[in-house]
Amino acid sequence: MRRAEHLRFAILAAQREGNRLLAQSLKPLGVTPAQAEVLRLLQQRGPLSLNGIGQLLVCESGSSPSRLVDRVVGLGLVDRRTAAEDRRHVELTLTPEGERVATAIAGVEHGLYATLDTVAADHDTDALLGFLHAFVDHLPSGEALARRLDEE
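On a predicted model such as this, the values are computed, not experimentally measured, just so you know.

Caption draft 1: Structural context of the pairing of strand 3 (residues 90-94). Here strand 1 (residues 48-49) runs beside strand 3; their pairing, made up of two bridges, is antiparallel. Within strand 3, the residue paired with Leu-48 across the bridge is Leu-92. As paired elements, strand 2 (residues 78-82) and strand 3 share five bridges and run antiparallel to each other. Residue pairing in the sheet places Asp-79 in a bridge with Thr-93 of strand 3.

In structure tokens form, the structure reads like this:
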């Protein structure tokens, strides 16, 4: 197997297993990893517009996360309000239940990050991050990640 092919499948396997573990941990909360990302973004940076959410999402491609937002609105976790001064502008905020779920998601994320920290302890994560950024920085998901890193 070529080294590039090995890298491709190792990254894919890590992403799938990480997402599987995350989905399994989020299941009792009734949300998917993509929905959890929306809720945490709103908790950390809200209120946000639909466009603002789209620019920060790493889980979804494209700049219009309408269906994803529709789902969390339908679950009663997010309020969607049209701005009085500009009816084209939609503002998204967490409902009280959305805040509760987002806080629970933060706990799930903390557990996942603790696992990653343990596995990464004896490895050069700076080199790994450098490689991954070189690969994605010019692509939509990498650009969304850069916007999130810039705002920290």
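Caption draft 2: Highlighting the environment of Arg-40. The topology assignment puts Arg-40 in helix 2 (residues 33-45). You can call Arg-40 buried: its relative accessible area is 14%. It is 38 Å that separates the C-alpha atoms of Arg-40 and Arg-2, two residues lying 38 residues apart in sequence. Contacts of Arg-40, omitting those with residues within four sequence positions, involve Ala-102, Ile-105, Ala-106 and Glu-109.

Caption draft 3: Inspection of the sheet that holds strand 3 at higher detail. With antiparallel pairing, the three strands of this open sheet are ordered in space as 1-3-2. With partners counted over all chains shown, the strands left at the sheet margins are strand 1 and strand 2, one partner each. In the packing of helix 2 onto the sheet, contacts are made with strand 1, strand 2 and strand 3, and the angle to strand 3 comes to roughly 95°. Strands strand 2 and strand 3 of the sheet are contacted by helix 4 (residues 66-74), whose axis makes an angle of about 115° with strand 2.

Caption draft 4: The pattern of salt bridges, seen in detail. Summed over the entire model, instances satisfying the criterion amount to six salt bridges. Where Asp-70 meets Arg-80, a salt bridge forms, and the shortest distance between an N and an O atom there is 2.6 Å. Note that Asp-70 is positioned in helix 4 and Arg-80 in strand 2, a separation of ten residues in sequence. Arg-80 gets classed as partly exposed once you look at its relative accessible area, which sits at 40%.

Caption draft 5: Up close: the side chain of Glu-37. Tracing the backbone shows Glu-37 in helix 2. Side chain to side chain, Glu-37 and Arg-148 meet in a polar contact 2.4 Å long. Discounting residues that sit within four places of it in the chain, Glu-37 has contacts with Leu-56, Leu-57, Val-58, Cys-59 and Arg-148.

Caption draft 6: Looking closely at the side chain of Thr-93. Considering the arrangement of structural elements, one finds Thr-93 in strand 3. Note on Thr-93: relative accessible area 18%, which makes it buried. Apart from the residues within four sequence positions on either side, Thr-93 is in contact with Pro-47, Leu-77, Val-78, Asp-79 and Arg-81.

Caption draft 7: Looking closely at the nonpolar core. Membership of the largest hydrophobic core comes to 24 residues, with the highest contact counts inside it found for Val-31, Leu-39, Leu-42, Ile-53 and Val-78. Of all the secondary-structure elements, those providing two or more residues to this core are helix 1 (3-26), helix 2, helix 3 (50-56), helix 4, strand 3 and helix 5 (96-120). Sort the elements by how many residues they give to this core and helix 2 lands first, with six residues. If near-sequence neighbours (up to four positions away) are discounted, Val-78 is found in contact with Leu-39, Leu-42, Val-72, Val-73, Leu-92, Thr-93, Leu-94 and Thr-95.

Conventions we followed
Within each chain, residues carry numbers counting from 1 in the order of the written sequence. Reporting of local features is limited, given that this is a predicted model, to residues whose pLDDT is at least 70; pairs of side-chain atoms are given and counted only at 80 or more, and all residues count toward the totals for whole chains, interfaces and linings. The side-chain numbers reported here are obtained from all heavy atoms of the structure, hydrogens and water having been left aside. Note on pairing: DSSP must find at least two bridges between two strands before they are called paired. Only DSSP runs of H or I covering at least 4 residues are called helices, and only runs of E covering at least 2 are called strands; the numbering of each starts at the N terminus. Exposure classes here rest on a 1.4 Å probe applied to the protein chains alone. A residue is buried below 20% of its type maximum, exposed above 50%, and partly exposed in between. Here, residues are in contact when the closest pair of their heavy atoms is within 4.5 Å. Here an angle of 0 to 180 degrees is reported between the N-to-C directions of two axes, which are lines fitted to C-alpha atoms, with helices fitted over the stretch in contact. When a carboxyl oxygen of Asp or Glu lies within 4 Å of a side-chain nitrogen of Lys or Arg, that pair is called a salt bridge. Here a polar contact is recorded for every N or O atom pair within 3.5 Å, except that within protein the pair must consist of a potential hydrogen donor and a potential acceptor, and residues adjacent in sequence are included only if both atoms are side-chain atoms. What is meant by a nonpolar core is a set of buried Ala, Val, Leu, Ile, Met, Phe, Trp, Tyr and Cys residues, joined one to another through side-chain atoms within 4.5 Å.

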